[in-house]
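Residues per chain are reported as follows:
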Amino acid sequence: MRAHPAGPLHGNIQQPSAAGAPPSDLGALDPHVWPRSAERIDGELHLGGLPVTDLARTHGTPLFVLDEDDFRGRAADFASAFTDADVHYASKAFLCGQVARWIADDGLHLDACSGNELSLALAAGFPAGRIALHGNNKSLVELQLAVDAGIAHVVVDSFDEIDRLVPLAAARVAAGGTPVPLLIRATVGIEAHTHEFIATAHEDQKFGFSLATGDALTAAVRVIREPALHLAGLHSHIGSQIFDTAGFEAAAHRVVGLLGQVHQATGEVLDELNLGGGFGIAYLAEDDPVSPRDVAGKLRTVIAAECAQLGLPVPRLAVEPGRAIAGPGTVTLYEIGTIKPVRLGASGAPGTPLVRNYVSVDGGMSDNIRTALYDANYTCVLANRISDAPPALCRVVGKHCESGDILVRDLWLPSDVQPGDLLAVAATGAYCWSMASNYNYLLKPPVVAVRGGSAAEIIRRQTLSDVFALDAVLAGEAAPSPAPSQPAPEHPVGAQR
Ligand SMILES: Cc1ncc(COP(=O)(O)O)c(C=O)c1O
């Protein structure tokens with residue numbers, strides 16, 4: 001039988017449960033996974049000192065609740081582990097004006113992956129001299145913005161990009177400006193996965209200049225010979241959600257080797273080495289990420305040893321954590337709407353559950369695409385109350401017209417969860433709001449920062465009027481009020497079935 005071209009995630013394919021045995025306490029908040037301020041008071045989840053029912057009542061659901069102290073604390077952990085290096089927050093994980101200001105105030109650098117991320121950071125007042133711009137297909141307009149703003153580095157990704165940059169940089173120099181500082185992004189032939197890494201000679205992907213084919217060296221030599229460009233250093237990024245330092249160490253070994261080749265070919269000693277991001281976080285209790293301090297120590301040792309061997313001075317190191325800063329401190333709150341028990345078969349082997357409860361919530365793949373896109377695993381808890389009801393095998397799904405619209409594939413929830421209850425999904429701070437869409441015309445949820453008992457909406461809920469405003473026919477039309485997925489003023493949290 002031919003599979004649907006969109007792959008098995010698209011179809012109604014029931015996979016066996018990966019939920020394992022039910023945990024002894026279904027309401028437990030593993031400190032590994034939940035924001036630092038998460039606690040249960042009288043059974044109810046509190047974040048930043050606030051009960052989730054109050055947050056849901058005031059701001060509606062779905063709702064991203066961001067623990068400010070957690071976010072900034074993790075940024076500070078990286079900064080103190082890498083005191084002798086530059087820590088760049090990879091803003092693709094989650095960016096808004098407030099986050100740009102926190103990162104600026106806390107002294108970190110920032111990576112942008114598009115002209116618009118760059119514009120947002122600049123508009124928020126982020127110092128241009130601490131911004132790097134990434135991207136495999138930067139347009140002339142984006143490059144011009146970077147050159148005019150005077151950002152710290154353009155991370156060059158292709159020969160076409162060098163061609164595009166040369167006249168822009170020449171014009172800046174002709175007008176009395178400095179040469180444009182660049183890093184060359186090298187593809188070092190190492191692919192890191194969560195629990196392993198693969199070092200191969202081939203790099204079948206769109207980013208960077210291949211080290212194996214010599215393109216990275218050719219690009220470096222070309223940039224060094226352009227008077228209006230300044231090659232400040234090299235960059236490599238090997239993947240995301242990595243738990244093992246071996247991949248970073250192998251990448252460091254290879255990229256320092258390239259520093260040596262550049263020195264041999266041109267006599268230039270490059271000052272900077274950026275090893276990218278990708279530091280993993282705990283989505284589930286069993287995930288075991290490495291601490292920033294451990295990674296920093298290992299990288300320092302490898303780089304010092306490699307440089308000593310090549311007789312080169314140790315360059316300034318930079319890293320680009322995104323998920324590890326933004327991910328763990330945010331929780332998404334949803335309200336349960338529909339619960340549908342689905343029989344998984346006529347009979348089952350002993351111990352195999354026969355029923356899975358499809359617990360539908362008021363968001364889904366439009367606010368968290370990661371389960372559908374990457375098969376990501378999340379955990380969630382009943383948030384508005386504690387329950388001692390026996391465990392039921394559940395799948396938390398969204399309200400989109402798509403059977404792959406799954407938020408938490410397999411988990412145990414108390415069997416008495418009911419419509420109106422709140423669910424909290426952990427570790428949704430990275431690559432969830434930033435990847436949000438308006439699929440099925442669902443509206444993007446707000447983000448509320450909580451701290452010490454107060455809450456501030458740092459991104460407001462999108463309205464149907466916002467969406468109508470983009471539509472040639474509907475612009476100016478009044479949207480039905482209240483818009484379908486906006487909260488009613490009094491949110492029916494905990495309403496009975
Ligand atoms: C170049 C670069 N740097 C940093 C990151 C951030 O990765 P993470 O959020 O996993 O730390 C990414 C993400 O893919 C990236 O492409």
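What you see is a predicted model; the values in this text were computed from it and never measured.

Chemist: Even after reading the chapter, I still don't get helix α3 (residues 97-105), so can you show me in this structure?
Modeler: In an α-helix, one turn spans 3.6 residues, which is why side chains three or four residues apart end up on the same side. If you check which residues of α3 are buried, you get V99, A100, W102, I103 and A104. G107 lies just past α3 and shows a positive phi near 85 degrees.

Chemist: In this structure, what is going on with the site of the ligand? I would like to understand it.
Modeler: Near the ligand you find 15 residues, and of these K92, S240, E320, R323 and Y431 are the closest. With respect to the ligand, the backbone of G322 contributes an N or O atom lying 3.0 Å from an oxygen atom. Isolated, the ligand exposes 400 Å² of accessible area, and the fraction of that covered by the protein chains is 93%. Among the residues forming the shell around the ligand, the class breakdown is four nonpolar, seven polar and four charged.

Chemist: What should I look at first to understand the nonpolar core in this one?
Modeler: Across soluble globular proteins, nonpolar side chains have a tendency to be buried as a group. One finds W34, F82 and F94 to be the most contacted residues of the largest nonpolar core, which totals 136 residues. At nine residues, helix α8 (residues 245-266) tops the list of elements feeding residues into this core. Residue contributions to this core reach at least three from each of two domains, namely domain 1 (39-66 + 328-468) and domain 2 (68-326). In this structure F82 touches V87, P292, V295, A296, L299, R300, L317 and V319, once residues within four positions along its chain are discounted. If you look at the next biggest cluster of nonpolar residues, it comprises five residues, including L443, L464, V467 and A479.

Chemist: It is not clear to me how the pairing of strand β5 (residues 85-90) should be interpreted in this structure. Could you clarify?
Modeler: In summary, the side chains of a regular strand alternate between the two faces of the sheet. The buried fraction of β5 amounts to six of the six residues, a majority that puts the element mostly inside the structure. Side chains A85, V87 and Y89 project from β5 onto one buried face, and the interleaved D86, H88 and A90 project onto a second face that is buried too. Examined bridge by bridge, β5 and strand β15 (residues 316-319) share three bridges and lie parallel to one another. Bridge pairing in β15 places D86 opposite A318. Where β5 meets strand β6 (residues 109-112), three bridges bridge the pair, whose relative direction is parallel. Paired with A90 across the strands is D111, a residue of β6.

Chemist: What exactly am I supposed to notice about the packing of helix α7 (residues 215-225) against α8 here?
Modeler: Axis separation between α7 and α8 bottoms out at 10 Å; the angle between their running directions is 50 degrees. Classed by the angle they form, the pair α7 and α8 counts as oblique. Seen from above, α7 lies across α8 with right-handed handedness. Touching A216, L217, A220, V221, I224 and R225 of α7 are L258, Q261, V262, A265 and T266, all from α8.

Chemist: Explain the packing of aromatic side chains here, please?
Modeler: The geometry of an aromatic ring pair comes down to the distance between the two centres and the angle between the two planes. With the rule as written, the count across this model stands at eight aromatic pairs. With 5.6 Å between their ring centres and 55 degrees between their planes, F71 and W102 make a pair best called tilted. In this pair, F71 sits in helix α2 (residues 68-81) while W102 sits in helix α3, placing the two residues 31 residues apart along the sequence. The class for F71 is buried, based on a relative accessible area of 2%. Each ring, one from F94 and one from W433, has its centre 6.0 Å from the other, and the planes form 80 degrees; the classification is edge-to-face. Of this pair, F94 sits in the loop between β5 and α3 while W433 sits in the loop between β21 (422-425) and β22 (447-451), placing them 339 residues apart in sequence. Overall, the relative accessible area of 3% leaves F94 in the buried class. In this structure an aromatic cluster arises from ring pairing among F78, F82, F248 and F279. The ring of W433 is capped by K444, whose NZ or CZ atom sits 5.9 Å from the centre of that ring.

Chemist: Honestly, α8 in this entry has me stumped. Any pointers?
Modeler: Along its 22 residues, α8 runs 32 Å from first to last C-alpha, staying within 8% of the 32 Å computed at 1.5 Å per residue. Listed as buried for α8 are T245, G247, F248, A250, A251, A252, V255, V256, L258, L259, G260 and V262. Between a side-chain oxygen at the N-terminus of α8 and the backbone nitrogen of A246 the separation is 2.9 Å; the capping residue is D244. Directly after α8, the chain includes G267, whose backbone phi takes a positive value near 80 degrees.

Chemist: Would you explain the pattern of salt bridges in this entry?
Modeler: Opposite charge on two side chains permits them to pair, given that their charged atoms come into close proximity. For the structure on display, the rule yields 17 salt bridges. In this structure, the salt-bridge partner of R409 is D375, at a minimum N-O distance of 3.1 Å. Of this pair, R409 sits in strand β20 (residues 406-414) while D375 sits in the loop between α11 (370-374) and β18 (380-382), placing them 34 residues apart in sequence. D375 sits in the partly exposed class, given a relative accessible area of 44%. If you follow the salt bridges from partner to partner, you end up with E68, R72 and D106 in one network.

Chemist: Is there a simple way to explain the side chain of K138 in this structure?
Modeler: Within the element layout of this structure, K138 appears in the loop between β7 (131-133) and α5 (140-149). One polar contact links the side chain of K138 to the main-chain carbonyl oxygen of G135, over a distance of 2.8 Å. Only 2.6 Å separates the side chain of K138 from the backbone oxygen of V155, close enough to count as a polar contact. Apart from the residues lying within four places of it in its own chain, the contact partners of K138 are L133, L143, V154, V155, V156, D157, E161 and R164.

Chemist: Any chance you could explain the sheet that holds strand β1 (residues 39-41) here in plain terms?
Modeler: To summarise the sheet geometry, strands pair through backbone hydrogen bonds and adopt either a parallel or an antiparallel arrangement. One open sheet accounts for three strands, arranged β1-β2-β3; its pairing is antiparallel. Edge positions in the sheet fall to β1 and β3 (50-51), since each of these pairs with one other strand and no more.

Chemist: What exactly am I supposed to notice about the environment of F248 here?
Modeler: Looking at the secondary structure, you find F248 in helix α8. According to the relative accessible area criterion, F248 is buried, its value standing at 2%. Note: C-alpha distance between F248 and G278 (30 residues apart in sequence) is 9.3 Å. Ignoring any residue separated from it by four or fewer positions in sequence, one finds F248 in contact with I238, I242, G277, G278, F279, V295 and L299.

Chemist: What should I look at first to understand unusual backbone geometry in this one?
Modeler: A cis amide bond, omega -5 degrees, links T61 with the succeeding residue P62. Take P62: it is sitting in the loop between α1 (52-59) and β4 (63-67). The phi dihedral of D42 falls on the positive side, at around 50 degrees, and the residue is not glycine. Relative to the assigned elements, D42 resides in the loop between β1 and β2 (44-47). Using a relative accessible area of 80% as the deciding quantity, one classes D42 as exposed. The residue D375 is not glycine, and still its phi comes out positive at about 60 degrees.

Thresholds, definitions, all that
- Residues numbered from 1 in each chain as written.
- Predicted model: local features only at pLDDT ≥ 70, side-chain atom pairs only at ≥ 80, totals over all residues.
- Heavy atoms only, no water.
- Buried < 20%, exposed > 50% of the residue type's maximum accessible area, 1.4 Å probe, protein only.
- Helix = DSSP H or I, 4+ residues; strand = E, 2+ residues; numbered from the N terminus.
- Near = heavy atom within 4 Å.
- Polar contact = N/O pair within 3.5 Å; in protein donor to acceptor, adjacent residues only side chain to side chain.
- Areas by Shrake-Rupley, 256 points an atom, 1.4 Å probe, with all protein chains shown as cover.
- Nonpolar A, V, L, I, M, F, W, Y, C, P; charged D, E, K, R; others polar.
- Core = buried A, V, L, I, M, F, W, Y, C linked by side-chain atoms within 4.5 Å.
- Domains from an automatic or database assignment.
- Contact = heavy atoms within 4.5 Å.
- Pairing = 2+ DSSP bridges.
- Axes fitted to C-alpha atoms, helices over the stretch in contact; angles between N-to-C directions.
- Parallel < 35°, antiparallel > 145°, perpendicular 65-115°, else oblique.
- Left-handed = near helix turned anticlockwise from the far one by under 90°.
- Phe/Tyr/Trp six-rings, centres within 6.5 Å; stacked < 30°, edge-to-face > 60°.
- Lys NZ or Arg CZ within 6 Å of the ring centre and 35° of its normal.
- Expected span 1.5 Å × (residues − 1).
- Salt bridge = Lys/Arg side-chain N within 4 Å of Asp/Glu carboxyl O.

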